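Coordinates in review
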Amino acid sequence: MNKLKLAGIFTLTIIIAIFGIMFMGQEKEVDFSTQIKPILNKNCISCHGGVKKSGGFSVLFEEEAFANTESGHPAIIPGDPNGSELIKRLTATDPEVRMPYERSPLSEEEIDLLKTWIKQGAKWGEHWAYNPVQTPKAVKQKITAGFSGENRLSSTNPIDFYVGQKLEVQGLAFSKEENPLKLLRRAALDITGLPPTEDLVKQFSSNKISYEEAVDRMLASSTFGEKWASWWLDLARYADTKGYERDVSRTMWPYRDWVIRALNDDKPFDEFTIEQLAGDLLPNPTEDQLAATAFHRNTMNNDEGGTNDEEFRVAAVLDRVGTTYEVWQSTTMACVQCHSHPYDPIRHEEYYQSAAFFNNSRDEDTHDEEPRLRFYSPEQKSEIESILAWVKVNEDKKAATARKEFLTYLEPKYPSHRAVDFNNAELIDTKWLGIQANGSAYLRKVDTRGSDQLLMYYGSGLDGSKMTIRNGSPEGEILAEFPINKTGGDIVREIAFKPIEGFVDLYLEVKNPSVKTQQNAAKFVWFAFVPTLPGAEKPGYREVKNSWKSALNFKGTKLPIMIENPDYMARETHVFERGNWLTLGEKVNPETPKILNNWDSNWPTNRLGFAYWLMDKENPLTSRTLVNRVWDQLFGRGIVSSIEDMGTQSDPPSHPELLDYLAWKTMNEYDWSMKSLIREIVTSATYKQSSAVSAELFKKDPQNKWYARGPRFRLSAEQVRDQALAVSGLLSDKMYGPGVKPHQPEGIWQTVYNGESWKESEGEDAHRRGVYTFLKRTSPYPSFISFDAASREVCLSRRIVTNTPLQALVTLNDPVYLEAAYYLAEDMIAKSASNPEKGISYGYEKLVLTPISGIKLNTFSALYQEALSAYKTKPDSLDAFFHIKDKSTNPEQAAMSVVANALLNMDEFLTKP
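Residues numbered from 1 in each chain as written. Predicted model: local features only at pLDDT ≥ 70, side-chain atom pairs only at ≥ 80, totals over all residues. Heavy atoms only, no water.

Core analysis: the biggest nonpolar cluster contains 118 residues, and Trp 232 and Tyr 255 have the highest contact counts within it. Once residues lying within four places of it in the same chain are set aside, the contact partners of Trp 232 are Tyr 255, Val 259, Phe 269, Phe 272, Gln 276, Phe 295, Val 327 and Trp 328. Residues Leu 847, Tyr 864, Leu 868 and Leu 878 belong to the second largest nonpolar core, which totals 50 residues. (Core = buried A, V, L, I, M, F, W, Y, C linked by side-chain atoms within 4.5 Å. Buried < 20%, exposed > 50% of the residue type's maximum accessible area, 1.4 Å probe, protein only. Contact = heavy atoms within 4.5 Å.)

With that out of the way, let us pick up the packing of helix 14 (residues 309-329) against helix 20 (residues 622-635). The N-to-C vectors of helix 14 and helix 20 enclose an angle of 75°; their axes lie 7 Å apart at closest approach. The angle between helix 14 and helix 20 falls in the class roughly perpendicular. Along its contact with helix 14, which presents Glu 326, Val 327, Trp 328 and Gln 329, the element helix 20 presents Thr 622, Thr 625 and Arg 629. Its residues placed into classes, the contact of helix 14 with helix 20 shows two nonpolar, three polar and two charged. (Axes fitted to C-alpha atoms, helices over the stretch in contact; angles between N-to-C directions. Helix = DSSP H or I, 4+ residues; strand = E, 2+ residues; numbered from the N terminus. Parallel < 35°, antiparallel > 145°, perpendicular 65-115°, else oblique. Nonpolar A, V, L, I, M, F, W, Y, C, P; charged D, E, K, R; others polar.)

What follows is about the pattern of salt bridges. Going through the model one piece at a time under the given rule, you end up with 59 salt bridges. Across the salt bridge formed by Lys 202 and Glu 198, the nearest N and O atoms sit 3.6 Å from each other. A residue pair is termed a helical-turn pair when its members lie 3 or 4 positions apart in one helix, as Lys 202 and Glu 198 do in helix 8 (residues 198-205) at four residues. No difference in accessibility class separates Lys 202 from Glu 198, as the two residues are exposed. Measuring nitrogen to oxygen at the nearest pair gives 2.5 Å for the salt bridge that ties Asp 257 to Arg 256. (Salt bridge = Lys/Arg side-chain N within 4 Å of Asp/Glu carboxyl O.)

The subject of this paragraph is helix 28 (residues 815-831). Spanning 17 residues, helix 28 covers 24 Å between terminal C-alpha atoms, matching the ideal 24 Å at 1.5 Å per step. Looking at helix 28, one finds that the buried residues are Val 816, Tyr 817, Leu 818, Ala 820, Ala 821, Tyr 822, Leu 824, Ala 825 and Met 828. Among the structural elements, helix 25 (717-728), helix 27 (805-813), helix 29 (836-848), helix 31 (878-881) and helix 32 (891-904) are those in contact with the buried residues of helix 28. Between a side-chain oxygen at the N-terminus of helix 28 and the backbone nitrogen of Val 816 the separation is 2.8 Å; the capping residue is Asp 814. (Expected span 1.5 Å × (residues − 1). Polar contact = N/O pair within 3.5 Å; in protein donor to acceptor, adjacent residues only side chain to side chain.)

What follows deals with the packing of aromatic side chains. Across all of its chains, the model carries 44 aromatic pairs by this definition. Centre to centre, the rings of Tyr 162 and Tyr 661 are 5.7 Å apart; their planes meet at 40°, and the pair counts as tilted. One end of the pair, Tyr 162, is in helix 6 (residues 158-170); the other, Tyr 661, is in helix 21 (residues 656-668), and 499 residues separate them in sequence. Like Tyr 162, the residue Tyr 661 is buried in the burial classification. On the basis of an interplanar angle of 45° and a centroid distance of 4.9 Å, the ring pair of Phe 357 and Phe 610 is categorised as tilted. Taken together, the residues Phe 357 in helix 15 (residues 348-358) and Phe 610 in helix 19 (residues 607-615) connect sequence positions 253 residues apart. (Phe/Tyr/Trp six-rings, centres within 6.5 Å; stacked < 30°, edge-to-face > 60°.)

This part is about the state of the cysteines. When the sulfur atoms of two cysteines share a covalent bond, that bond is a disulfide. One pass over the full model with this rule turns up zero disulfides. There is no disulfide at Cys 47, and the cysteine sulfur nearest it, in Cys 44, is 9.0 Å away. Overall, Cys 47 belongs to the partly exposed group, its relative accessible area being 30%. Of all cysteine sulfurs in the structure, the one in Cys 335 sits closest to Cys 795, which takes part in no disulfide; the separation is 15 Å. (Disulfide = S-S within 2.5 Å.)

Right, let's get into the packing of helix 10 (residues 223-235) against helix 11 (residues 253-264). For the pair helix 10 and helix 11, interaxial distance at closest approach is 8 Å and the crossing angle is 125°. When the axis of helix 10 is compared with that of helix 11, the two are oblique. The crossing of helix 10 and helix 11 is right-handed. For the pair formed by helix 10 and helix 11, the contact residues are Phe 224, Gly 225, Glu 226, Trp 228, Ala 229, Trp 232 and Leu 233 on the first element and Tyr 255, Arg 256, Val 259, Ile 260, Leu 263 and Asn 264 on the second. (Left-handed = near helix turned anticlockwise from the far one by under 90°.)

Moving on, we get to empty space enclosed by the protein. Under the criterion given, the structure shown has four cavities of 30 Å³ or more. Space inside the largest cavity adds up to approximately 170 Å³. Together, 18 residues line the largest cavity, and Thr 366, Asp 368, Glu 370, Pro 415 and Val 525 are the ones closest to its centre. Classifying every residue of the lining of the largest cavity gives five nonpolar, four polar and nine charged. Within this model, the second largest cavity holds a volume of roughly 150 Å³. Taken together, 17 residues line the second largest cavity, and the ones lying closest to its centre are Glu 718, Thr 773, Leu 775, Phe 784 and Arg 792. Considering every element that reaches the lining of the second largest cavity, the biggest residue donor is helix 10, with three residues. Here the residues of the lining of the second largest cavity sort into 10 nonpolar, three polar and four charged. (1 Å grid on protein atoms, 1.4 Å probe; cavity = no way out; pocket = protein on both sides within 12 Å on 5 of 7 lines; lining within 4 Å. Points joined across faces, edges and corners; volume = space filled by probe spheres on them.)

Time to look at the confidence of the model for the chain. For the chain, per-residue confidence averages 91 on the pLDDT scale, and residues scoring 70 or more make up 95% of the total. Below a pLDDT of 50 lies the segment residues 21-25, which in the model reaches zero contacts outside its immediate sequence neighbourhood of four places, other chains included. Low pLDDT, under 50, characterises residues 141-152; the predicted model gives this stretch 31 contacts beyond four residues in sequence or across chains. (pLDDT = per-residue confidence, 0-100.)

Let us look at the side chain of Glu 369. You can see Glu 369 is positioned in the loop between helix 15 and strand 3 (372-374). Given a relative accessible area of 4%, Glu 369 falls into the buried group. Those residues in contact with Glu 369, other than ones at most four positions away along the chain, are Lys 242, Arg 250, Arg 297, Asn 301 and Pro 560.

Considered as a void within the structure, the second largest pocket measures approximately 1200 Å³ in volume. What lines the second largest pocket is a set of 48 residues, among which Gly 636, Arg 637, Phe 713, Arg 714 and Val 801 lie closest to the centre. Every element with two or more residues in the lining of the second largest pocket is listed here: helix 10, helix 20 and helix 25. For the lining of the second largest pocket, the element with the highest residue contribution is helix 10, accounting for six residues. Class assignment of the residues belonging to the lining of the second largest pocket gives a composition of 16 nonpolar, 15 polar and 17 charged.

The structure is reproduced here in structure tokens:
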């Protein structure tokens, strides 16, 4: 080898060595979101964040972190860790100087990580959840996951690709596929909330339909909407009562029915969202779109005597802000009411900018919960159409539209609780204006819109009174003058009114010379200004007028809904200093947090625009939140386990690529179809795994975080009851309508002084699905509460699943389950009257779709014989336990009922397989 070649080899070796040193010595870039932010949140932000900024230093916002502190210098100098005061304080030996103050020092690893971060330029990255959802990388069409033997599994579902990747990293493998019928039962309980129908089991077990076809049938079933509605109603804080002390009943069930229908119709989630948040602001909203807005009328309403309506109106608005961000953004906003977020980059004023979207609705915490959508009968709708046609011909289309809106939800109007400056007058129970026989009050800043007619909703118990309404003062121009006599109840009355333009103060005066007591001459509920019906001189007017009066005094079903204030009634929104609604700060306009997606200038600055912003594909949180909640419903834990929070204090996603893949696909390929999302998940190999767990697997993954086995957890409160009724043949398939009241023990309802009682439903209403059970907030249905259902005073993202002795007491003793056991036993006896063991085997398999084992059969047979002997010995005890209406009980029936009762109490029956 010549010298030239040796020199070349030597040179090449040196170059390779240099590049090797450079490559090996290069520091891996520190990620702010996953490595630095958790350290700052854990150790620094409580003193240097949204609540406190000790020393003028904050690590909540980027601009604050690098700004000058009270010392006149920044605490973090990018590129210079040794010169950064942050590092000096973390490494100081003087306990009065070292940070965190009076707490354990950071570890050497944490300090080194902070030093490296600053040395690399202290790049301030975004929290992962605030980054836009990206188009997923191409996934192999055929993926083989698993390692060997029976655990080898093939799938073309991308879910399995992402899960398989994580399993491999964790040294785990997929479990084998679940027994087919157990898998079918699992899917049925997840999709419909009920066991699979007998026909579906036959079709599937005989291979006439595939698993995927069975899934499609269940998704198309009307029971799908009933099951998934319970999930959504927890988020919507749906209840049949108002809450607070009196907790009186309210009519909210049409909203629940809308949710069920929307889910069954697979209404795209963007439409589902927009209609609930702002259906009233859509062009020519339908009855359904108006009903959908009751989502935010589920807020509690306080009609206790002595309460301030404005205080609780504000409470409802703030609840709507927090609920909206929790439901659609997995973001906690309650703390921002009082100060900037302690952990997430959301400022105090941004909370009130969001509140401004919700602050302009018509509801005012009134006793009657107006505005309410009126559900007219087909005949009444026909009459209203004739009214509108008349107005369109005799006035114009605009007037007809305004009258239609008024008849639909009776707005705009002025509630009488806005009255002030009383003279021999009062707010009765803080709700209604009461003016004595010689008294007065003011209704200020009223815009009559130039109307020639006043509509007044009032009631009176006196004859001979005269009411005068003047412009501005007791000496002002008379705008209306009319007699008031006994009404026999509250009525809507039309009163001639002098047209006047602009804002006026109305002076309301009542006189009755013959009455000397302090008795109120009348109680006033609201005032509205609607022009007189045109065309009085034309034929047919009287019929139209009668229809108009009838519609005004409508007494049918009314649902509280959201309606926006007209411009002349618009409210201003201010920051509440320290969260106190009585201490107003600067005025703010509707805006969204800067950390999230941008606002499109084409959107209206109201609830509709806010809904568009939420459902914009650039919003980083909405699709992730939906996917995570659905995943949690099916697997018992979310990909981000903190379901209610995806902020910087949330748990990191176990499978971030999977979360974003499903989020992107839901928006772009499924067009926000929830059924398509659910179908993809339940047809994945990940979902179809056996839920059996070995000691080794449990040790490696106790929470099933990596999904090396199928989901297995206790059923929801509604499902526990529903499937007991289903397998016994008692379950009614009746849908919709007012809440029902199945059996509950006496004395449960302690209704203070509202006079209501639990009147037990009869017939099939006693056996309807749990979603229809009447829910009283202060006293929810007892067996549901035992199984962790919500009382729904506030939005609930996740029910905490518990296992307590009370649950066994419910399923063993509650009359609902005893009745179900009786009818299930009848079926078991009918299948094999002469052979109890065959009946028991049949009953067991009917419940869990798998044959009974010998040990279990022996156990239940022994229970049967023991009960049979006891009932034969003591025949008087037959009716004591299984007292079923219109049914006689012999020892065999009672003994089999005991067995059926035990079957209904089995863990494998109460738990998703």
